Amino acid sequence: MKTILASTALKGETLVHRLHQHALERPEQTAFTFLRYGETGNDKLSYGELDRRSRAIGAHLLRQGANGKPVLLLFPSGLEYIAAYLGCLYAGALAIPAYVPHSVRDWPRIRAIATDAQADFALITTADLTKASRWITQASDLGRLTWITTDSLTADEAEPWQNSTIGELAFLQYTSGSTTAPKGVMVSHGNLMHNLSMIYAYWQVAETPNPIYVSWLPFFHDMGLIMSILFPLYGGFPGYLMAPTDFLQRPLRWLQAISDYRGTLTSAPNFAYEYCLQRISAQDLPKLDLSCWEGAVNAAETVRSDTIERFTRFFATCGFPQNGFRPSYGLAEATLVVTSTYKKDPPCCIKTVSMQRLEENVLEIASESEQAIKTIVGCGRPAGKQHIVIVDPETLQRCESTHVGEIWISGPSVAQGYWRRPQETAEFFQAYLATGEGPFLRTGDLGAIWEDNLFITGRKKDLIILDGRNLYPQDIELTVEQAHPAIRSGCCAAFAFEQGGEERLIILAEIDHRYRPPTVVVSLSLEGDSVAKKTSDLAEFSQVNMQEIVKHVRRDVSEHHGVRAHQVLLLKIGGVLKTSSGKVQRQACSQAFLQGTLKTWQS
């Protein structure tokens, strides 16, 4: 199989050039396969078909006057999404990756994006437009858009590609809004091609005989769009894709696809690997051959060493390699990847550090006698003229090695700023050190560089300061998750608020209503005969159960972190507010707590 070497990329080359070249050289070769479960047959697109389909959509957009205009992409995961995005590139339109709303709760975010971007067009399928029409007609801001159903266009409408139509920007990536309202990150073609060349180098694709990418990530998310679609297209190797819901319903499908189609590369947040451990049994392992799997990116949320170690150990019998994980760090404002480990690097760099020293903003190996410890995972190093510095956010001075500060970035992958937000663009994209060196992108993330590895410690805005100590909410949340089996994994939030001049710790935890306490066997004596009777606790949680869970949470938080939880609220499923990509919105949770709008178990 032929792959295009990153080093051969011409100055000014874009993904449109890559697709066009693939279509000319190997039009019949399959570019993407979308796996269907519970339906008849998988969907496939060759490079030639993808090129014609994309050019047809692009030609229609040009006739509609969409060149240079923002265009919403409102599709479920599927091949139509890929063609629509590339059609925007062919037309020089400004693609805005989004998703088709499934309920009335999804529309506020879509409307906020459409308003902020001042979008003129929306691409959608005929079936989804029919379903959404009742919401569109009720909203004047959506009704003014020009709605285009891409599946009604035929490949016959494709026109010869004109290089002059390509615009400066490759797309607008709207942030997930974990701490603020969503903002459109302006990603240029130059940003995108540089970031893809970095990924190509990290994975050392040129040295892989038959690279194959397998993914379930949603396309509207930056990691899903770039890693699942644009990276295989950039490298000229096949991509096997599936819907996120198919993975969530049965995570074995993801690993089975890697096994069946000999996938070598994939990416996912930490929770996905943890989810596989929870939902895939030892009886499923003989079905899997993961010896083909050369690299698994772990990024987009806190990378947990425990997950890496247990996943590697559990799936070793299926051939998963000891150094298979690629811990990485990135964000939309830097296109995607900022740092990562390389394919041939040793196994993950994992350090056990002193919690006391971490609270003092220093990474230091914990002594054998210390009990307050934390295990952290290195997320690699930058590549391709990308640079990071660790900065004291108060003094704007560089931090010494192993000292925690804010992560600042410079380099060709740093995006152009926020769409139509000059003040915030200046604040975050044009930062300068006290020495005058810059400009840098201020990430708002905290971390330190240690032994040529970037270690992430948390978000600056989420940091909890109690009694002069710096506490990271994700550490407290992990303790809460493990305090009781009824608490849902990844569904906790910890934050502080000031009351009466005192900072107070608040903990939110979702409860799985399906949880049942273990069955208890009680021996009874009946007329001299010993009778074993099975009894279980109440079918539903009682107030006593709730009090017991809260007791466990308070005890464990106190023991592990030396702080008192002022209030512990147990929530119904969905009670912890999250972004569209699944990140906990701690700031929003704090506001909902103060406003009394949380969905508590008692409400």
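Look up a bit, the structure's there.
Now for a quick tour of the structure.

Conventions adopted
- Residues numbered from 1 in each chain as written.
- Predicted model: local features only at pLDDT ≥ 70, side-chain atom pairs only at ≥ 80, totals over all residues.
- Heavy atoms only, no water.
- Helix = DSSP H or I, 4+ residues; strand = E, 2+ residues; numbered from the N terminus.
- Rg over C-alpha atoms; globule rule 2.2 N^0.38 Å.
- Contact = heavy atoms within 4.5 Å.
- Areas by Shrake-Rupley, 256 points an atom, 1.4 Å probe, with all protein chains shown as cover.
- Lys, Arg positive; Asp, Glu negative; His and termini not counted.
- Charge placed at Lys NZ, Arg CZ, Asp CG, Glu CD.
- Salt bridge = Lys/Arg side-chain N within 4 Å of Asp/Glu carboxyl O.
- Buried < 20%, exposed > 50% of the residue type's maximum accessible area, 1.4 Å probe, protein only.
- Pairing = 2+ DSSP bridges.
- Axes fitted to C-alpha atoms, helices over the stretch in contact; angles between N-to-C directions.
- Parallel < 35°, antiparallel > 145°, perpendicular 65-115°, else oblique.
- Left-handed = near helix turned anticlockwise from the far one by under 90°.
- Phe/Tyr/Trp six-rings, centres within 6.5 Å; stacked < 30°, edge-to-face > 60°.
- Core = buried A, V, L, I, M, F, W, Y, C linked by side-chain atoms within 4.5 Å.
- Disulfide = S-S within 2.5 Å.

## Observations concerning the overall build of the chain
- When its secondary structure is counted, the chain shows 17 helices and 27 strands.
- Compactness check: the chain gives a C-alpha radius of gyration of 25 Å against a globular reference of 25 Å for 603 residues, within 12% of the reference.
- For the chain, the spread of C-alpha atoms along the three principal axes comes to 90 × 70 × 55 Å.
- For the chain, contacts bridging at least 24 residues in sequence account for 72% of all contacts bridging at least 6.
- Surface exposure of the chain reaches about 25,800 Å², of which carbon and sulfur atoms provide 50%.
- Here the chain contributes 57 positively and 63 negatively charged side chains, and the mean placements of these two sets differ by 3 Å.

## What about the pattern of salt bridges?
- Considering all chains together, one arrives at 29 salt bridges under this definition.
- The salt bridge partner of D475 is K374, with a shortest N-O separation of 2.9 Å. Within this pair, whereas D475 is found in helix α15 (residues 473–481), its partner K374 is found in strand β16 (residues 373–377), the two being separated by 101 residues in sequence.
- When its relative accessible area of 14% is taken as the criterion, D475 is described as buried.

## Details of the sheet that holds strand β17 (residues 387–391)
- Reading across the sheet, the 4 strands line up as β17-β18-β19-β20 and stay open at both edges, with antiparallel pairing between neighbours. Each edge of the open sheet carries a strand with a single partner, namely β17 and β20 (453–459). Going across the sheet, the axis of each strand differs from the next one's by a mean of 50°, ignoring polarity.
- Taken together, the 4 bridges between strand β18 (residues 405–410) and strand β19 (residues 441–450) define a ladder with antiparallel strand orientation. Paired with E406 across the strands is L446, a residue of β19.

## Regarding the packing of helix α1 (residues 15–25) against helix α2 (residues 47–63)
- Relative orientation of the contacting elements α1 and α2 amounts to 130°, with a least axis distance of 8 Å. By the criterion of interaxial angle, the relationship of α1 to α2 is oblique. At the point where α1 passes α2, the crossing takes the left-handed sense. Between α1, through L19, H20, H22 and A23, and α2, the contact on the second element is made entirely by Y47, G48, L50, D51 and S54.

## Overview of the side chain of S305
- Of note, S305 is situated in helix α12 (residues 305–314).
- By relative accessible area, S305 is classed as buried at 8%.
- When neighbours within four sequence positions are excluded, S305 is seen to be in contact with I350, T375 and V377.

## A few points about the packing of aromatic side chains
- With the rule as written, the count across this model stands at 33 aromatic pairs.
- Ring geometry for W216 versus F247: centroids 4.2 Å apart, planes at 10°, classification stacked. One end of the pair, W216, is in the loop between β9 (213–215) and α8 (222–235); the other, F247, is in helix α9 (residues 244–249), with 31 residues separating them in the sequence. Side by side, W216 and F247 carry an identical accessibility label, which is buried.
- Arranged with centres 5.4 Å apart and planes meeting at 85°, the rings of Y273 and F311 form a pair that is edge-to-face. Of this pair, Y273 sits in helix α11 (residues 270–279) while F311 sits in helix α12, and the two are 38 residues apart along the sequence. Residues Y273 and F311 agree in their burial class; the two are buried.

## Re unusual backbone geometry
- P439 follows G438 through a cis peptide bond whose omega is 0°.
- Among the secondary structure elements, P439 is positioned in the loop between α14 (422–429) and β19.
- At N361, a residue that is not glycine, the phi angle is positive and equals roughly 70°.
- Following the sequence through the fold, N361 ends up in the loop between α13 (355–359) and β16.
- Judged by relative accessible area, which is 28%, N361 ranks as partly exposed.
- Positive phi is not limited to glycine here, since L396 has a value of about 60°.
- For L396, the position within the fold is in the loop between β17 and β18.

## Quick look at the nonpolar core
- Grouped together as the largest cluster of nonpolar side chains are 144 residues, with contacts concentrated most on F231, W254, L255 and F315.
- Counting residues per element, this core draws most heavily on helix α3 (residues 79–91), at 11 residues.
- Sequence-distant contacts of L255, that is, excluding residues within four places in its chain, are made with C276, I280, L288, L290, W293, F311 and F315.
- The next biggest cluster of nonpolar side chains, apart from the first, holds 24 residues, and it includes L505, I507, Y515 and A565.

## Some thoughts on the pairing of β19
- Across the 10 residues of β19, 8 count as buried, placing the element largely inside the fold.
- As judged from the 6 bridges shared by β19 and β20, these two strands associate in the antiparallel manner. When the bridges of β20 are listed, A448 appears paired with F455.
- Taking the residues between adjacent antiparallel strands as the criterion, β19 and β20 are bridged by 2 residues, where E451 takes a positive phi near 55°.

## Structural notes on the environment of P485
- Positionally, P485 belongs in the loop between α15 and β23 (487–499).
- Placed 32 residues apart in sequence, P485 and P517 show a C-alpha to C-alpha distance of 8.8 Å.

## Some words on the sheet that holds strand β6 (residues 146–149)
- The sheet built from 4 strands is open, its strands ordered β4-β3-β5-β6 with parallel pairing. Single-partner strands in this sheet number two, and they are β4 (94–97) and β6. Pairwise comparison of adjacent strand axes, ignoring direction, gives a mean angle of 25° for this sheet.
- Note: strand β3 (residues 70–73) against β4, 4 bridges, orientation parallel. Residue pairing in the sheet places L73 in a bridge with P97 of β4.

## Examining α11
- The buried fraction of α11 is high, at 7 of 10 residues.
- Along α11, the positions that sit buried rather than exposed are N270, A272, Y273, E274, Y275, C276 and L277.
- Buried residues in α11 make contact with α9, α10 (252–261), β11 (265–268), β12 (295–298), α12 and β13 (325–330).

## Structural notes on the state of the cysteines
- Following the criterion strictly, the structure yields 0 disulfides and no others.
- Its sulfur unpaired, C491 is 7.0 Å from the next cysteine sulfur, which belongs to C492.
- On the basis of relative accessible area, C491 is assigned to the buried category, the value being 5%.

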